[in-house]
Amino acid sequence: TYLYPIVKFAVALALFTVINTNIGFMEKISRFPVALLLALVCAILPTGAILWIGAIVVLADMYALSMEVALTALILFAILFFVYFRFAPKDGLAVVLTPLCFKLHIPYVMPVGSSLLRSAYSVIGVVCGTVVYYFLDGIHRNAGALMSAANADEEQSSSKFDISVGQFLGNKEMYLVIVIFVITAIVVYLVRRMEVDNAWTLAIISGALIQIAGLFVGYIVLGVTGKTLWLIVGNIISLLIAFILQFLFMNLDYARTER
């Protein structure tokens, strides 16, 4: 009753701070007092409010950058919201936490943790959060090119669409991460439901191994460099967090197991 609003406030404040730091193109709303006020509002509203308010803030920043980029973001968010409300309407926190975990280099905890605590459909929330992260990260990385295109003549507005859409749809790393996350979530969910001793422990270890092996091989195939260290360190940290979740929610004594 008392802790959950605090958790929502902390998550929302972290989210708005990350948005302001990375894509705060509209200066009037990209200030800490505004982020603090919005986080307080999110603390007293349902969890879904974090998604709606966060989306509005992002769209405002995208509009300040370019009308075309804002339109691209609006279409993407509309598709994601349709998928989210259709398949995983109760996993809004997973959608919000996934981009934050990416910024902390520990996104690997999300498919494991969601499958430990929720149903197999919860991975859809993780996938939505992953898509949002890579879209916004691409906008952040290509901000210079987008600003240059935004200052060009209106006849060249198609280039803004090309940059904003191309950097997103052409991101092979995003597709690799989504596939590995989905496979990890399914395996973790199936293993933790098995009627064997230490099922949760086996599920956590299986998820970590799948992500390390799958992403390591995928990075080699795609030619992605400089991520091996964070892949290993992030999975180790995620492993520890998963074991904390196990201790809090499913810490069993197997000494007298009958079934």
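Right, let's walk through the structure included here. Source: prediction; values computed, not measured.

Here the largest pocket defines a volume of roughly 800 Å³. Every residue lining the largest pocket is counted, 26 residues in all, and those nearest its centre are Leu93, Leu97, Met110, Leu117 and Leu245. For the lining of the largest pocket, the element with the highest residue contribution is helix α5 (residues 92-103), accounting for six residues. Looking at side-chain class alone, the lining of the largest pocket contains 19 nonpolar, four polar and three charged residues.

The next point concerns the side chain of lysine 8. Relative to the elements of secondary structure, lysine 8 occurs in helix α1 (residues 3-23). Lacking a salt bridge, the buried lysine 8 has aspartate 91 as its closest oppositely charged neighbour, with an N-O distance of 15 Å.

Okay, the packing of aromatic side chains next. According to the stated counting rule, one finds eight aromatic pairs in the structure shown. Seen in terms of ring centroids, tryptophan 52 and phenylalanine 85 are 5.9 Å apart; in terms of plane orientation they differ by 25°. Their pairing is stacked. One end of the pair, tryptophan 52, is in helix α3 (residues 48-65); the other, phenylalanine 85, is in helix α4 (residues 67-87), and 33 residues separate them in sequence. Residue classification places phenylalanine 85 among the partly exposed residues on the basis of a relative accessible area of 40%. Among the aromatic residues, those joined into a cluster by ring pairs are Trp52, Phe81, Tyr84 and Phe85. The aromatic ring of phenylalanine 87 is capped on one face by arginine 86, whose charged end is 5.1 Å from the ring centroid.

So, about unusual backbone geometry. Even without being glycine, histidine 105 reaches a positive phi, approximately 65°. Note on placement: histidine 105 falls in the loop between α5 and α6 (109-117). By relative accessible area, histidine 105 is classed as partly exposed at 34%. With phi around 60°, asparagine 198 is a residue other than glycine that occupies positive phi space. Inspection of the secondary structure assignment puts asparagine 198 in the loop between α10 (172-192) and α11 (199-222). Accessibility expressed as a relative area gives 35% for asparagine 198, which makes it partly exposed.

The next point concerns the packing of α1 against α3. A pair of packed helices is characterised by two quantities: the angle between their axes and the separation of those axes. At a minimum axis separation of 11 Å, α1 and α3 run at an interaxial angle of 10°. The angle between the axes of α1 and α3 places the two elements in the roughly parallel class. Here Lys8, Ala12, Leu15, Phe16, Ile19 and Ile23 of α1 come into contact with α3, specifically with Ile50, Ile53, Gly54, Val57, Val58, Asp61 and Met62. When grouped by side-chain class, the residues that make up the contact of α1 with α3 number ten nonpolar, one polar and two charged.

Calculation criteria
- Residues numbered from 1 in each chain as written.
- Predicted model: local features only at pLDDT ≥ 70, side-chain atom pairs only at ≥ 80, totals over all residues.
- Heavy atoms only, no water.
- 1 Å grid on protein atoms, 1.4 Å probe; cavity = no way out; pocket = protein on both sides within 12 Å on 5 of 7 lines; lining within 4 Å.
- Points joined across faces, edges and corners; volume = space filled by probe spheres on them.
- Helix = DSSP H or I, 4+ residues; strand = E, 2+ residues; numbered from the N terminus.
- Nonpolar A, V, L, I, M, F, W, Y, C, P; charged D, E, K, R; others polar.
- Buried < 20%, exposed > 50% of the residue type's maximum accessible area, 1.4 Å probe, protein only.
- Lys, Arg positive; Asp, Glu negative; His and termini not counted.
- Salt bridge = Lys/Arg side-chain N within 4 Å of Asp/Glu carboxyl O.
- Phe/Tyr/Trp six-rings, centres within 6.5 Å; stacked < 30°, edge-to-face > 60°.
- Lys NZ or Arg CZ within 6 Å of the ring centre and 35° of its normal.
- Axes fitted to C-alpha atoms, helices over the stretch in contact; angles between N-to-C directions.
- Parallel < 35°, antiparallel > 145°, perpendicular 65-115°, else oblique.
- Contact = heavy atoms within 4.5 Å.

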